[in-house]
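Summary of structural features
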Amino acid sequence: MPVAKSPPSFRRLFDDIGTVDAVGIEERVAKYGTRSVKKGAKVFGLQLAVTMVDLTTLEGKDTPGKVASLCQKALRPHDVGEIPPTAAVCVYPAMVRHAAKHVKGTAVRIASVATAFPSGQAPLKTRLAEVRAAVADGADEIDMVINRGAFLSGEFGLMQDEIAAVVEASGAATLKVILETSELETYDNIRAASFLAMRVIRPNDFIKTSTGKTSANATLGNNQVMLEAIRDHFLETGVPIAMKPAGGIRTAKQALTFLIAVKETLGDEWLNNGRYRFGASALLNDLVRQLEKERTGAYQAPWNFSEASEGY
Amino acid sequence: MIMARASNKTNPARELVFGDLWEYDAAPETADPKLKKRYDLFINGQFVAPKKGKYFATINPGNEVKIADIALGDAADVDAACKAAQKAFTTVWGPMPGKERGKYLYRIARLLQDHAREFAVAETMDGGKPIKESRDFDIPMAAAHFFYHAGWADKLEYLAPGRQVAPYGVVGQVIPWNFPLLMLAWKIAPALAAGNCVVLKPAETTSLTALKFGEICQEAGLPPGVVNIVSGAGETGAAVINHPLTSKVAFTGSTEVGKLIMRSLAGTEKKMTLELGGKAANIVFEDAPLDQAVEGIINGIFFNQGHVCCAGSRLLVQESVAGEVLARLKRRLATLRVGDPLDKNTDIGAINSKEQLLKITELVKGGVAEGAEMHQSECRLPAKGFYFRPTLFAKVSMSHRIAREEIFGPVLSILTFRTLEEAVEKANNTPYGLSAGVWTDKGSKILKMSTLLKAGVVWANTYNKFDPASPFGGYKESGFGREGGKQGLMDYCKVG
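What you see is a predicted model; the values in this text were computed from it and never measured.

1. Looking at the interface of chain B and chain A
Of the residues lining the interface, 44 residues belong to chain B; the matching set on chain A comes to 52 residues. Two residues, Arg28 of chain A and Glu295 of chain B, come together in a salt bridge whose shortest N-O distance is 3.4 Å. Across the contact surface, chain B and chain A share 19 residue pairs in polar contact (both at pLDDT 80 or more). Put simply, the parts of the chain that give the side of chain B that touches chain A at least two residues each are helix 4 (131-152), helix 9 (290-302) and helix 10 (319-333) of chain B. A class-by-class count of the residues in the side of chain B that touches chain A yields 14 nonpolar, ten polar and 20 charged.

2. As for the sheet that holds strand 12 (residues 281-284) of chain B
Residue and element names in this part refer to chain B. Reading across from one edge, 14-15-16-13-12-17-18 is the order of the seven strands in this open sheet, with mixed pairing throughout. Every interior strand has two partners, whereas the edge strands, strand 14 (373-376) and strand 18 (457-460), have only one. Across this sheet, the average inter-strand angle for adjacent strands is 20°, counted without regard to direction. As paired strands, strand 15 (residues 391-394) and strand 16 (residues 411-417) are joined by three bridges and run parallel to one another. Residue pairing in the sheet places Leu392 in a bridge with Leu412 of strand 16. Helix-sheet contacts for helix 11 (residues 354-369) involve strand 14, strand 15 and strand 16, and the interaxial angle to strand 15 is about 25°.

3. Some points on the environment of Cys379 of chain B
All names here are of chain B. Its location among the elements puts Cys379 in the loop between strand 14 and strand 15. When the C-alpha positions of Cys379 and Phe480 are compared, they lie 39 Å apart, and in sequence the two are 101 residues distant. Dropping the residues within four chain positions of it, Cys379 is found in contact with Val338, Arg389 and Pro390.

4. Some thoughts on the pattern of salt bridges
All names here are of chain B. Taken as a whole, this structure holds 52 salt bridges over all chains when the rule is applied. Its salt-bridge partner being Glu215, residue Lys36 comes within 3.5 Å of it at the nearest N-O pair. Of the two residues, Lys36 is situated in the segment before strand 1 (38-39) and Glu215 in helix 6 (residues 208-219); the sequence distance between them amounts to 179 residues. For Lys36, a relative accessible area of 34% puts it in the partly exposed group.

5. Quick notes on the environment of Lys208 of chain A
Residue and element names in this part refer to chain A. Mapped onto the secondary structure, Lys208 falls in strand 6 (residues 206-208). Classification of Lys208 as buried rests on a relative accessible area of 3%. As a C-alpha pair, Lys208 and Ala197 span eleven residues in sequence and 10 Å in three-dimensional space. Once residues within four sequence positions are removed from consideration, Lys208 is found in contact with Asp143, Val177, Ile178, Leu179, Glu180, Met226, Lys244 and Ala246.

6. A look at the domain arrangement of chain B
Residues and elements named next belong to chain B. In terms of domain boundaries, chain B breaks down into domain 1 (38-276 + 476-495) and domain 2 (281-460). Computed over C-alpha atoms only, the centres of domain 1 and domain 2 are separated by 30 Å. Tallying the contact residues gives 29 residues for domain 1 and 32 residues for domain 2. Buried area between domain 1 and domain 2, both sides added, is near 2500 Å², and the carbon and sulfur share of it is 56%. When the area that domain 1 buries against domain 2 is broken down by residue, the three leading residues are Glu64, Trp177 and Lys476, summing to 22%. Applying the counting criterion to the domain 1 and domain 2 interface returns one salt bridge.

7. As for the packing of aromatic side chains
Residues and elements named next belong to chain A. Counted under the stated rule, the structure contains 24 aromatic pairs over all chains. One cation-aromatic arrangement involves Lys176 over Phe206; the distance from NZ or CZ to the ring centre is 5.6 Å. Lying over the aromatic face of Trp270, Arg275 brings its terminal NZ or CZ to 4.5 Å of the ring centre.

8. Here we look at the side chain of Arg275 of chain A
Residue and element names in this part refer to chain A. Within the secondary structure, Arg275 sits in the loop between helix 12 (252-265) and strand 8 (278-280). Despite being buried, Arg275 has no salt bridge partner; Glu269 is the closest side chain of opposite charge, sitting 4.5 Å away. There is a polar contact of 3.2 Å between the side chain of Arg275 and the backbone oxygen of Glu269.

The rules we used
- Residues numbered from 1 in each chain as written.
- Chains lettered and ligands numbered in written order.
- Predicted model: local features only at pLDDT ≥ 70, side-chain atom pairs only at ≥ 80, totals over all residues.
- Heavy atoms only, no water.
- Contact = heavy atoms within 4.5 Å.
- Salt bridge = Lys/Arg side-chain N within 4 Å of Asp/Glu carboxyl O.
- Polar contact = N/O pair within 3.5 Å; in protein donor to acceptor, adjacent residues only side chain to side chain.
- Helix = DSSP H or I, 4+ residues; strand = E, 2+ residues; numbered from the N terminus.
- Nonpolar A, V, L, I, M, F, W, Y, C, P; charged D, E, K, R; others polar.
- Pairing = 2+ DSSP bridges.
- Axes fitted to C-alpha atoms, helices over the stretch in contact; angles between N-to-C directions.
- Buried < 20%, exposed > 50% of the residue type's maximum accessible area, 1.4 Å probe, protein only.
- Domains from an automatic or database assignment.
- Buried area = accessible area lost by both parts, 1.4 Å probe.
- Phe/Tyr/Trp six-rings, centres within 6.5 Å; stacked < 30°, edge-to-face > 60°.
- Lys NZ or Arg CZ within 6 Å of the ring centre and 35° of its normal.
- Lys, Arg positive; Asp, Glu negative; His and termini not counted.

Structural data, given as structure tokens:
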């Protein structure tokens, strides 16, 4: 292991980007939940959220058939009403070519988790090959994981070099850099990792909270830390970075609260699916359910919504 | 529709846009405040008309519409209230065992919770504060004070171990308009827990929830005379303070009136506690987590439209981060929502009265005239009602009037400092000493500052945090005596 330089890398980075007070940030995000979004504002928010969903299936048991029905759901989330398609479908690299048959040439993009998702514990060569394969099969977007081990041991250069290599390998595809916030543990670390990633990715590439494969996923708190990092980076460099919370956002109410955080932290220019996404599966049905409730004035029975996320 | 794909254009101005792309629809709180057209005085457990038959109107500062007529009590009414309190003290409340008194306090606390929504709406209509504050802070905190003191009622012997504690008898209390029900709770809960009976005069512009509290006392079956509420103006308050039966008086309000009270009580045997004005310093060091500090600064000065005696109205920022903090404050100001206090999304409501609005306007004009750099939020204000834009003043120096006088409105004065010593000196260079805030990542700096700052409360990396168990009160011209906690309760007891 390399000998830490003096002053240590974390200390140097925090002197540069500043720290986060955990109590304060949680107090801040608690206020988003007290916003009351009604009537037209609610419909707008719900529709916006639908257009931001990366409809996801990341299971060992995924099949071409499962991916096909996922794509249909993404293209047309509900059989009645005017519900827009989702932003993308998100699948494993092996499923990209199956998804391509259904959504290529439509508004729905194909996102693929590459780089030995979710652990990232494979040789860099293997990870890059996976990225290239996914792009060759038709992926429009690549969701990569950072090397948490390198980050936590203070080897920021290594972590950034790997991200830069993936940027190169992904070519024209949009990149989403997964920080895996639950493994970074502190808000300070989430801010630090956000900055390290943002400094090597391109305008409108994403930083993303989590894989959805660990115990804790997107929370309003880590979403806020990342939004504030994006804001500071944008004001300093002029480079806009997009954001994707993933995992754990299951209800329309939660999604609206996350969007309120975006509205009040980054403003109107981030309220579109080029700058903000939800990595989710069950969320879409709740958004549709709420939109149908607004349209018809009553909640519809669950069997109207192809309820189980397994059975689109 | 909303499908804009990743637009690769960057904003050359590098500013964020807080526009109207997604405007919230009106979300008014619709709970019924259950108000009467006319409110009488609450004396001896009954609502009674004032002896002279005079009433005055209370209006909604959010839209200037009259809400109800409020009884104008005079010295004769105060006399009746004090006699009722004295009788209740000698016959019922004084002799009652502590654990029985505690039951009444618990009952009041629970009833406040039961009626929380109704009280929140009434408080917001009468005082202008945003409904989310009355709903999430004022009313729950008022109930919390009754719960806390209910627990003390049968444990008074542990208040000062080895010594005897006894109630004073009749306590006269005069409260301000910024937290009408909460200040009532701060005053009445410890007084009753200690075994005193109470004559309370609410502020002229905000009597509604105090008189509605009379209904709670009735519902709780509180013995007649234990709590008496006499609404009215300054003279009514003076009558309460000066009445020969009130052996202890407690006042929260302006330093000016506090001084008058001290003068009028000089030479009497009355015990007194005063909680007066403030001009708190909120001190931000360069190593502070800036976004959370900005949040705390906003909360410190704009909470309740700045009508807070402990408001962090003087921001002291270390020079190296002053520009950055100001830029972040301006950005945050753009997302604050000013408007109808009853709307659930309103962050800043109406100024309590026309008088107060004029006072704020005058002080702000003075600030501009003295050369401070003003920045105001560009939000739209409602056409009717008393509103004032959230205001920041940069480049303020210690000699400016806006850095010395209590504005009691949504106006922040920003000063800078270079070293810790300079921060302490500037913070303490005020006649007041109620509260202060310190923002830094370094724990040892917090401890050092908290011993050097002459303020009753010092918050570290937070602001405006309250708890019934935590004593609150001031140094110097911010008054004396404490409210809350063991120390606050002691101020309602004779310790022998």
